[in-house]
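Chain and residue survey
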Amino acid sequence: MEEVKQLLSEIRNGNLKPIYFLMGEEPYYIDKISEFIEDNVLDESEKGFNQIVLYGRDIAVEDIVSNAKRFPMMAEHQVIIVKEAQDLSRTIEKLVSYAENPQPSTILVVNYKYKKIDKRKALYKALKKSGVVFESKKLYENQVSDWIRRVLNGQKYTISPKAAQMLVEFLGTDLSKIDNELNKLKIILPEGTQITPEHIEENIGISKDFNNFELRKAIGDKNVVKAHQIAKYFADNPKDNPMVVTISLLFNFFSQLLHLHGMSDKSPRNVASALRINPYFVNEYIVATRNYPMKKVSSVIAMLREFDVKGKGVGANAVPQGDLLKELLVKILN
């Protein structure tokens with residue numbers, strides 16, 4: 001994130017490079033940098049003749065080069081933006097000759113999403129020498145809550161740990177989707193607001209009481225009534241609560257409990273660091289280890305593997321997933 005801020009600051013201050021090659025698994029930052037260049041490098045009066053958007057599926061590398069070699073009209077620069085450039089992955093190395101000698105008056109922006117070019121090859125070396133190569137890396141799930149917090153802090157909002165966890169559970173690691181939902185909340189909530197689970201439930205439609213996060217907590221607490229209430233809600237709303245997601249979350253949870261059982265230093269700071277969880281949730285894990293000895297944790301992990309297969313239709317004789325989940329809970333909580 002700091003790398004992105006630095007890059008945008010340089011562009012804003014007019015320190016421009018002839019090529020920006022934006023690549024990697026996380027499209028969010030690729031889009032943000034590309035949109036910033038598209039919106040800010042040229043004046044509106046210059047864009048008509050000097051800003052072109054190309055799409056990788058419709059062109060060849062030679063088309064990029066021919067456009068990039070043109071001179072701007074009545075402007076200092078022209079901007080060429082190539083979107084979906086990953087569609088040119090088989091021929092992208094042909095860009096090397098241009099990268100070795102780029103047109104100084106052209107700002108070429110290449111959006112190469114979900115892939116990376118080979119850093120051992122000539123193109124990467126040429127791009128590093130003449131321009132900027134930015135790699136947008138996918139965040140791990142345990143990093144996304146902190147990313148949400150930092151983004152909101154920069155926009156004069158805060159968010160409770162549970163609310164952030166709800167977003168991650170419902171939207172996964174897709175930063176663009178999360179950003180879109182946060183923008184919806186910022187439209188209706190004044191600056192300085194702390195975003196709460198109630199805000200998430202009322203405006204995004206994620207139940208604060210009946211979700212995988214609350215199911216995990218109920219299981220960890222051995223709260224049988226609450227766990228079965230959530231399972232019934234999931235059974236009544238199967239499209240919004242697929243069993244495969246629930247199994248995955250529970251598998252990760254019990255794998256973390258197994259790790260925790262084996263730790264000698266169970267101080268909150270060490271547990272949060274070792275399990276890669278927010279310190280706010282450490283006590284939940286400590287309670288769960290008291291309720292589930294190591295032997296039980298191991299057997300639950302085996303159960304989850306079994307029910308994962310059944311949930312995908314293998315050996316379950318078309319049993320509804322809601323019924324499978326209820327059966328699983330009985331075995332876990334027994």
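Overview of the structure. (Residues numbered from 1 in each chain as written. Predicted model: local features only at pLDDT ≥ 70, side-chain atom pairs only at ≥ 80, totals over all residues. Heavy atoms only, no water.)

**Side note on the pattern of salt bridges**
Enumeration over the complete set of coordinates arrives at 20 salt bridges. Residue E26 is joined to K138 by a salt bridge in which the shortest nitrogen-to-oxygen separation is 3.7 Å. Remark: K138 occurs in the loop between β5 (132-135) and α7 (141-153) and E26 occurs in the loop between β1 (19-24) and α2 (27-40); sequence separation between them is 112 residues. Assessed through its relative accessible area of 39%, K138 is described here as partly exposed. Close ionic contact of K232 with D236 constitutes a salt bridge, the shortest N to O distance being 3.0 Å. Of this pair, K232 and D236 both sit in helix α12 (residues 224-236), separated by four residues, roughly a single helical turn. (Salt bridge = Lys/Arg side-chain N within 4 Å of Asp/Glu carboxyl O. Helix = DSSP H or I, 4+ residues; strand = E, 2+ residues; numbered from the N terminus. Buried < 20%, exposed > 50% of the residue type's maximum accessible area, 1.4 Å probe, protein only.)

**A closer look at the packing of helix α13 (residues 243-261) against helix α16 (residues 294-311)**
Running from N to C, α13 and α16 cross one another at 160°; their axes reach a closest spacing of 9 Å. Regarding the angle of α13 to α16, the classification is roughly antiparallel. In this structure, α13 meets α16 at a crossing whose hand is left-handed. Contacts between α13 and α16 involve M243, V244, I247, L250, F251, F254, S255, L257, L258 and H261 from the first element and M294, V297, S298, V300, I301, L304, R305, F307, D308 and G311 from the second. (Axes fitted to C-alpha atoms, helices over the stretch in contact; angles between N-to-C directions. Parallel < 35°, antiparallel > 145°, perpendicular 65-115°, else oblique. Left-handed = near helix turned anticlockwise from the far one by under 90°. Contact = heavy atoms within 4.5 Å.)

**Focus on the nonpolar core**
In terms of nonpolar packing, the biggest core is built from 42 residues, with Y20, I37, I148, L167 and I200 touching the most fellow members. Residue contacts for Y20: discarding those within four places in its chain leaves L7, I11, N15, I37, I107, L108, V109, V110 and V132. Among the nonpolar cores identified, the runner-up in size contains 39 residues, and F234, L275, I277 and F281 belong to it. (Core = buried A, V, L, I, M, F, W, Y, C linked by side-chain atoms within 4.5 Å.)

**Re α2**
The end-to-end C-alpha distance of α2 is 20 Å, a good match for the 20 Å that 14 residues give at a rise of 1.5 Å each. Those residues of α2 that fall on the buried side of the exposure criterion are P27, Y28, Y29, I30, I33, S34, F36, I37 and E38. The opening residue of α2, the one whose side-chain oxygen lies 2.9 Å from the backbone nitrogen of Y28, is E26. (Expected span 1.5 Å × (residues − 1). Polar contact = N/O pair within 3.5 Å; in protein donor to acceptor, adjacent residues only side chain to side chain.)

**So, the sheet that holds β5**
Spatial ordering of the open sheet is given by β2-β3-β4-β1-β5, a layout of five strands whose pairing is parallel. Edge positions in the sheet fall to β2 (51-55) and β5, since each has one partner strand and no second. Averaged over all pairs of adjacent strands, the angle between their axes in this sheet comes to 15°, without regard to strand direction. Of the strand pairs in this sheet, β1 and strand β4 (residues 106-113) are connected by six bridges, and their pairing is parallel. From the neighbouring strand, L22 faces β4, where its bridge partner is N111. Relative to β4, α2 is tilted by about 160°, and along the sheet it contacts β1, β2, β3 (78-83), β4 and β5. (Pairing = 2+ DSSP bridges.)

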